[in-house]
Amino acid sequence: MKTIVVCSGGLDSVSLAHRIAAEHELLALISFDYGQRHKKELDHAVDCAARLGVPHEIIDISGVGRHLSGSALTDAVDVPDGHYAEDTMKVTVVPNRNAIMLAIAFGVAAARKADAVAVAVHGGDHFIYPDCRPGFIDAFQVMQDAALDGYAAVRLYAPYVNVSKADIVTDGARHGTPFERTWSCYKGGERHCGRCGTCVERREAFHLAGVSDPTDYQDPDFWVAATGTFRAEEVR
């Protein structure tokens, strides 16, 4: 399966890139500059493409991103600390981001005669992000089948959509993902903060997977309290 991976440079998408390189034909990685507050993840995407020996392109949609305002990922809004499924994390939603990026990725895939676009959305995303849920993935495929009818047949490959981040860590370890060369933290400091939702989720995932976490956190123990008392019902 000739596949283009949408790679942010985070743990999930880099693990997916390594999986695709091992199991399919990895054509390229594509990343998006949507005007996010920091670009540290993108540096890791560049590194991943070089390591896997495939082309990589950063597509600039920052002009569009300026209109998707109100998110802590794009505006001067404080990134909240705590469990990644808490309602406070909704401030990290960038409206319709995945739909916009995937529509572009499918156009690229069709132009390059790829069989699939791979995306690393996963079960832990379901709580907060509507464009990471199985219903969105299925609906987007239907929409693209109509959009490319008679021109191309491109599959949306989302192998992690129904699994946890701990399962991704396990899968990444199986395929030799260098986790220390991925970036998750929303705050974009010199080190992972250890307190924002993605840091908490990352730290917990390594613990649940039983895999040593090589990440350097400013607060390596905050995740215990954040995950110990909070539970959320998954949205599908």
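Just so it is clear, the structure is predicted and the values come from calculations on it, not from any experiment. (Residues numbered from 1 in each chain as written. Predicted model: local features only at pLDDT ≥ 70, side-chain atom pairs only at ≥ 80, totals over all residues. Heavy atoms only, no water.)

1. What to know about the packing of aromatic side chains
In this structure the tally under the stated criterion is three aromatic pairs. Look at Phe 106 and Phe 140: their rings are 5.4 Å apart centre to centre, the planes differ by 70 degrees, and that puts the pair in the edge-to-face class. Note that Phe 106 is positioned in helix α4 (residues 97–111) and Phe 140 in helix α5 (residues 134–147), a separation of 34 residues in sequence. Both rings, one in Phe 179 and one in Phe 206, keep their centres 5.1 Å apart while their planes meet at 90 degrees; by these two values the pair is edge-to-face. With a gap of 27 residues between them, Phe 179 in the loop between α6 (165–174) and α7 (197–209) and Phe 206 in helix α7 connect regions that are remote in the sequence. Considered together, Phe 179 and Phe 206 belong to a single accessibility category, that of buried residues. Among the aromatic residues, ring-to-ring pairing joins Phe 106, Phe 136 and Phe 140 into one connected group. For Lys 113, the ring lying beneath its charged end belongs to Tyr 151, and the centroid distance is 5.2 Å. Residue placement shows Arg 195 over the ring face of Phe 222; its charged tip is 4.0 Å from the ring centre. (Phe/Tyr/Trp six-rings, centres within 6.5 Å; stacked < 30°, edge-to-face > 60°. Helix = DSSP H or I, 4+ residues; strand = E, 2+ residues; numbered from the N terminus. Buried < 20%, exposed > 50% of the residue type's maximum accessible area, 1.4 Å probe, protein only. Lys NZ or Arg CZ within 6 Å of the ring centre and 35° of its normal.)

2. Describing helix α2 (residues 40–52)
The end-to-end C-alpha distance of α2 is 19 Å, a good match for the 18 Å that 13 residues give at a rise of 1.5 Å each. The set of residues buried in α2 consists of Leu 42, His 44, Ala 45, Cys 48 and Ala 49. The arc that holds the buried residues of α2, viewed along the axis, is 155 degrees, so those residues lie on one side. Facing away from the buried side of α2 by over 90 degrees, the exposed positions are Asp 43 and Ala 50. Structurally, α2 contributes buried residues whose contacts are with α1 (11–23), β2 (25–33) and β3 (56–60). (Expected span 1.5 Å × (residues − 1). Arc of directions from axis to C-beta. Contact = heavy atoms within 4.5 Å.)

3. Things to note about empty space enclosed by the protein
Summed over the entire model, instances satisfying the criterion amount to two cavities of 30 Å³ or more. Of the volumes computed, that of the largest cavity is approximately 840 Å³. Ser 8, Asp 12, Glu 41, Arg 97 and Tyr 186 are, among the 41 residues lining the largest cavity, the residues nearest its centre. Broken down by element, the residue count for the lining of the largest cavity peaks at four residues, all from α4. Here the residues of the lining of the largest cavity sort into 21 nonpolar, twelve polar and eight charged. (1 Å grid on protein atoms, 1.4 Å probe; cavity = no way out; pocket = protein on both sides within 12 Å on 5 of 7 lines; lining within 4 Å. Points joined across faces, edges and corners; volume = space filled by probe spheres on them. Nonpolar A, V, L, I, M, F, W, Y, C, P; charged D, E, K, R; others polar.)

4. Structural notes on the nonpolar core
Core analysis: the biggest nonpolar cluster contains 39 residues, and Leu 102, Val 117 and Ile 137 have the highest contact counts within it. When residues of this core are traced back to their parent elements, those giving at least two are β1 (2–6), β2, α4 and α5. Ranked by residue count, the leading element in this core is α4, at eight residues. Among residues more than four places away in sequence, those in contact with Val 117 are Ile 4, Val 6, Leu 102, Ala 105, Phe 106, Ala 109, Val 154, Arg 155, Leu 156 and Tyr 157. Counting 24 residues, the second-largest nonpolar core is a separate cluster that includes Cys 48, Ala 116, Tyr 160 and Val 169. (Core = buried A, V, L, I, M, F, W, Y, C linked by side-chain atoms within 4.5 Å.)

Read these as spatial facts, not as claims about activity.
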